[in-house]
Amino acid sequence: MSDEEDLQPLLKYAREGCVGLSVVVVVAEMKAGRGASFTEMTTALLSVVGELIDRGAVPGDLVDGEPCFVAWSGSKSEILGRLACEIKTLGEIPATGEVCWIHDPAATEFARSDL
């Protein structure tokens, strides 16, 4: 599978709702290879998230209220730096619900404009 083929399901999920990092980790594991170290996995995860950001799907937090997803602010570099720090602090590759969610806010705005 190519990187683009691997990203398509993630982008679809991110446009339909919020994607937990454990789903993104699966793609990162394929990229890093079996037996990858924590550092290699973190690098691969940041790479995949960076590619998602390039395509409009961004990390953020789920919150009570409207909107229920709040994207992390900052440049791509700042967002990836924050994610790297959060993963390092956690000390392991995050599971769904830990650190952040991935969503394409433009898809939500587009859906709302159709109402």
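See the structure above.
Here we summarise the structure given alongside this text.

The rules behind each value
Residues numbered from 1 in each chain as written. Predicted model: local features only at pLDDT ≥ 70, side-chain atom pairs only at ≥ 80, totals over all residues. Heavy atoms only, no water. Helix = DSSP H or I, 4+ residues; strand = E, 2+ residues; numbered from the N terminus. Rg over C-alpha atoms; globule rule 2.2 N^0.38 Å. Buried < 20%, exposed > 50% of the residue type's maximum accessible area, 1.4 Å probe, protein only. Contact = heavy atoms within 4.5 Å. Areas by Shrake-Rupley, 256 points an atom, 1.4 Å probe, with all protein chains shown as cover. Lys, Arg positive; Asp, Glu negative; His and termini not counted. Charge placed at Lys NZ, Arg CZ, Asp CG, Glu CD. Expected span 1.5 Å × (residues − 1). Phe/Tyr/Trp six-rings, centres within 6.5 Å; stacked < 30°, edge-to-face > 60°. Lys NZ or Arg CZ within 6 Å of the ring centre and 35° of its normal.

So, the overall build of the protein
Right, so step 1: Per the secondary structure count, the protein includes five helices and four strands.
Right, so step 2: Reading the protein from its N terminus to its C terminus gives the helix and strand order α-β-α-α-β-β-α-β-α.
Right, so step 3: Whereas a compact globule of 115 residues would reach a radius of gyration of roughly 13 Å, the protein reaches 14 Å, a difference of no more than 12%.
Right, so step 4: If you line up the protein on its principal axes, its C-alpha atoms span 50 × 30 × 25 Å.
Right, so step 5: Counting the 115 residues in the protein, one finds 34% classified as buried.
Right, so step 6: For the protein, long-range pairs separated by at least 24 residues make up 62% of all intrachain contacts whose partners lie at least 6 apart in sequence.
Right, so step 7: Carbon and sulfur atoms provide 56% of the accessible area of the protein, an area that totals close to 6500 Å².
Right, so step 8: The averaged location of the 19 negative side-chain charges in the protein is 3 Å from the averaged location of its 9 positive side-chain charges.

Quick look at the environment of C68
Right, so step 1: The residue C68 is located in the loop between β2 (58-62) and β3 (69-71) in this model.
Right, so step 2: Given a relative accessible area of 42%, C68 falls into the partly exposed group.
Right, so step 3: If we ignore the near neighbours within four places in the chain, the residues touching C68 are D61, L62 and V63.

Comments concerning the side chain of T42
Right, so step 1: Take T42: it is sitting in helix α3 (residues 38-54).
Right, so step 2: Residue class for T42 comes out buried when judged on its relative accessible area of 11%.
Right, so step 3: Among residues more than four places away in sequence, those in contact with T42 are I87 and I93.

Let's talk about helix α1 (residues 3-16)
Right, so step 1: Here α1 spans 21 Å end to end across 14 residues, near enough to the 20 Å set by a 1.5 Å rise per residue.
Right, so step 2: Taken together, the buried residues of α1 touch β1 (19-20), α2 (21-32), α3 and β4 (101-103).

Here we look at the packing of aromatic side chains
Right, so step 1: Taken as a whole and judged by the stated rule, the model has zero aromatic pairs.
Right, so step 2: A cation over an aromatic ring shows up here: R82 above the ring of W72, its NZ or CZ 3.8 Å from the ring centre.

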